[in-house]
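So the chains spell out like this:
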Amino acid sequence: MSSKKIAIIGGGNLGSAIAQGLLKSGFSKAGDIIVTKRNTGTLGALQEAGVQIERDNAKAVRGSEVIVVALKPYNVREVLQEIKASFDPSKQILISVVTGVSIDDLEQITPGMAVVRAMPNTAIAIQESVTCICYKNASEEQVAYVTNMFNQLGVTVSIDEKLMDAATVLGACGIAYALRFIRASIQGGIEIGFDVRTASLIAAQTVKGAAELLIRENRHPEEEIDKVTTPKGCTIAGLNEMEHQGFSSSLIKGITVSYNKIVKG
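Note that residues are indexed from 1 along each chain, following the sequence as it is written. At least 70 in pLDDT is required for a residue's local features to be given in this predicted model, at least 80 for side-chain atom pairs to be given and counted, and no such filter applies to totals for whole chains, interfaces and linings, which use all residues. The side-chain values count all of the structure's non-hydrogen atoms but skip hydrogen atoms and water molecules.

1. Quick notes on the environment of Phe 247
Line of reasoning, step 1. Each helix corresponds to a stretch of at least 4 residues labelled H or I by DSSP, and each strand to a stretch of at least 2 residues labelled E; elements are numbered beginning at the N terminus. Tracing the sequence through the fold places Phe 247 in helix H11 (residues 247-264).
Line of reasoning, step 2. A 1.4 Å probe rolled over the protein chains alone gives each residue an accessible area, and that area as a share of the maximum for its type sets the label: buried under 20%, exposed over 50%, partly exposed in between. Taking the relative accessible area as the measure of exposure, Phe 247 reaches 37% and is therefore partly exposed.
Line of reasoning, step 3. Not counting residues up to four positions away in its chain, the partners in contact with Phe 247 are Phe 181 and Met 242. Every residue pair with non-hydrogen atoms within 4.5 Å of one another is taken to be in contact.

2. Structural notes on the packing of helix H7 (residues 164-191) against helix H8 (residues 196-217)
Line of reasoning, step 1. Axis definition: a line fitted to C-alpha atoms, limited for helices to the stretch in contact. Angles are taken between N-to-C directions and run from 0 to 180 degrees. Interaxial distance between H7 and H8 falls to 8 Å at its minimum, and their mutual angle equals 135°. By the angle class used here, H7 and H8 are oblique. Helix-helix and strand crossings are classified by hand; for H7 and H8 the assignment is right-handed. Residues Phe 181, Ile 182, Ser 185, Ile 186, Gly 189 and Ile 190 of H7 pack against Val 196, Ala 199, Ser 200, Ala 203, Ala 204 and Val 207 of H8.
Line of reasoning, step 2. Polar here means any residue outside two lists: the nonpolar Ala, Val, Leu, Ile, Met, Phe, Trp, Tyr, Cys and Pro, and the charged Asp, Glu, Lys and Arg; Gly therefore counts as polar. For the contact of H7 with H8, the per-class residue count stands at nine nonpolar, three polar and no charged. Each angle is binned into one of four classes, with values under 35 degrees roughly parallel, values over 145 roughly antiparallel, values of 65 to 115 roughly perpendicular, and all other values oblique. Each helix crossing is assigned a hand: it is left-handed if the near helix lies turned anticlockwise from the far helix by less than a right angle, otherwise right-handed if that turn is clockwise.

3. Let's talk about the sheet that holds strand S8 (residues 154-158)
Line of reasoning, step 1. If you walk across this open sheet you meet the eight strands as S3-S2-S1-S4-S5-S6-S7-S8, and the pairing is mixed. Since the sheet does not close on itself, it has two edges, and those belong to strand S3 (52-54) and S8, each with one partner. Neighbour to neighbour, the strand axes of the sheet diverge by 25° on average, direction disregarded.
Line of reasoning, step 2. Only strands joined by at least two bridges in the DSSP assignment are considered to pair. Strand direction decides the pairing type here: strand S1 (residues 6-9) and strand S4 (residues 66-69), joined by four bridges, are parallel.

4. A few points about the packing of H7 against H11
Line of reasoning, step 1. In contact at an axis separation of 10 Å, H7 and H11 are set at 135° when each is read in the N-to-C sense. When the axes of H7 and H11 are compared, the pair comes out oblique. Crossing hand, H7 versus H11: right-handed. Of H11, the residues touching H7 (which contributes Asp 165, Ala 166, Thr 168, Val 169, Leu 170, Tyr 177 and Phe 181) are Phe 247, Leu 251, Gly 254, Ile 255, Ser 258, Tyr 259, Ile 262 and Val 263.
Line of reasoning, step 2. Here the residues of the contact of H7 with H11 sort into 11 nonpolar, three polar and one charged.

5. Some remarks on the nonpolar core
Line of reasoning, step 1. One finds Ile 8, Ile 18, Val 35, Ile 95 and Phe 150 to be the most contacted residues of the largest nonpolar core, which totals 30 residues.
Line of reasoning, step 2. Breaking this core down by element, the ones donating at least two residues are S1, helix H1 (13-25), strand S2 (33-36), S4, strand S5 (93-96), strand S6 (114-119) and helix H6 (140-151).
Line of reasoning, step 3. What Ile 18 contacts, discounting residues up to four positions off in sequence, is Ile 8, Val 68, Val 97, Ile 124, Met 149 and Leu 153.
Line of reasoning, step 4. What we call a nonpolar core is a set of buried Ala, Val, Leu, Ile, Met, Phe, Trp, Tyr and Cys residues that are connected through their side-chain atoms within 4.5 Å. Core analysis: the second largest hydrophobic core is formed by 28 residues, Leu 94, Leu 106, Met 113 and Met 164 among them.

6. Some thoughts on the packing of aromatic side chains
Line of reasoning, step 1. Aromatic contacts are taken between Phe, Tyr and Trp rings whose centres are within 6.5 Å, Trp giving its six-membered ring; a plane angle under 30 degrees counts as stacked, one over 60 as edge-to-face, and the others as tilted. What the rule picks out here adds up to two aromatic pairs.
Line of reasoning, step 2. Measuring from centroid to centroid gives 5.5 Å for Phe 27 and Tyr 145, while their planes differ by 50°, and the two rings are tilted. In this pair, Phe 27 sits in the loop between H1 and S2 while Tyr 145 sits in helix H6, placing the two residues 118 residues apart along the sequence. Grouping residues by exposure puts Phe 27 and Tyr 145 together as buried.
Line of reasoning, step 3. Lysine NZ or arginine CZ positioned within 6 Å of the ring centre and within 35 degrees of the ring normal marks a charge as sitting over the ring. Over the ring of Tyr 145 we find Lys 4; its NZ or CZ atom is 5.4 Å from the centre of that ring.

7. Focus: a nonpolar patch on the surface
Line of reasoning, step 1. A cluster of nonpolar residues, Phe 181, Met 242 and Phe 247, forms a patch on the protein surface that exposes about 270 Å² of accessible area.
Line of reasoning, step 2. Residue placement: Met 242 occurs in helix H10 (residues 234-244).
Line of reasoning, step 3. Since its relative accessible area comes to 41%, Met 242 is described here as partly exposed. A patch consists of residues exposed above 30% relative accessible area that lack any salt bridge, with like charges linked at up to 9 Å and nonpolar side chains (Val, Leu, Ile, Met, Phe, Trp, Tyr) linked at up to 5 Å. With residues, only the protein chains shown are counted as cover, and all accessible areas are computed by Shrake-Rupley using a 1.4 Å probe. The term salt bridge refers to a side-chain nitrogen of Lys or Arg lying within 4 Å of a carboxyl oxygen of Asp or Glu.

8. Topic: the side chain of Glu 224
Line of reasoning, step 1. As for its placement among the helices and strands, Glu 224 is situated in helix H9 (residues 221-228).
Line of reasoning, step 2. Among the residues examined, Glu 224 registers a relative accessible area of 13% and is labelled buried.

9. Quick look at the state of the cysteines
Line of reasoning, step 1. Disulfides are defined in this document as cysteine sulfur pairs within 2.5 Å. Taken as a whole and judged by the stated rule, the model has zero disulfides.
Line of reasoning, step 2. The closest cysteine sulfur to the non-disulfide-bonded Cys 173 is located on Cys 132, 12 Å from its own sulfur.

10. So, the pattern of salt bridges
Line of reasoning, step 1. The tally for this structure, following the rule as stated, stands at 10 salt bridges.
Line of reasoning, step 2. The shortest N-O distance in the salt bridge between Glu 217 and Arg 219 comes to 3.7 Å.
Line of reasoning, step 3. Arg 219 serves as the salt-bridge partner of Glu 224, at 2.8 Å between the closest nitrogen and oxygen.
Line of reasoning, step 4. Among the ionic contacts, a cluster of salt bridges with common partners joins Glu 217, Arg 219, Glu 224 and Lys 227.

What follows is the structure, encoded as structure tokens:
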């Protein structure tokens, strides 16, 4: 169990989900987590669980060893500038889960501090995120701590910062792509006779099972596809029709368009 005090600056959807995940996993005690937000009225569930709720960001920072910044991109610099006097680079780790704010941007405000950028996705709310991290000025012990922390919330992958935009698309935007596939499968299921509730369950569980096959067995997708594509069968007929309609190329193009939107604005 972690004994470090963790301040989460910004108790929105992502910040709250991180706090919930740390509690559910047992990584942190409720009393070791502080969550800040201007409108603290939306954090009632966390407060009831024993998490400290605070409006004063500087106060939260002073009382913590790990600072998780979960603000909106447009107000990160303003908020951190306001509270930078409260940081202690010799004792604290700064973790940013904010899209588009680089390590250099953060280091200009908190020079000499151990800085980690982390890109989770919304499945962090159920401890099933893939979180990509990169860091600077961090010791092996600090990197191990942050990795362990996000491993409580899913799976952690260490990457170069230059790939952080790509990680945003593949991991964070990727949730939406997967959900759109499931939604289309549900619509197809309804067309061939299922009610929406049954179609939803079958489609979602099928995608979950497919993903687990790859993760647990360390398989390539084509290995598993080959197992269900029999000669002249219905699976290969459906797959080929999807490819004729541009299934794979549309998905690849969508990923690259999303990436270019981030890079070029």
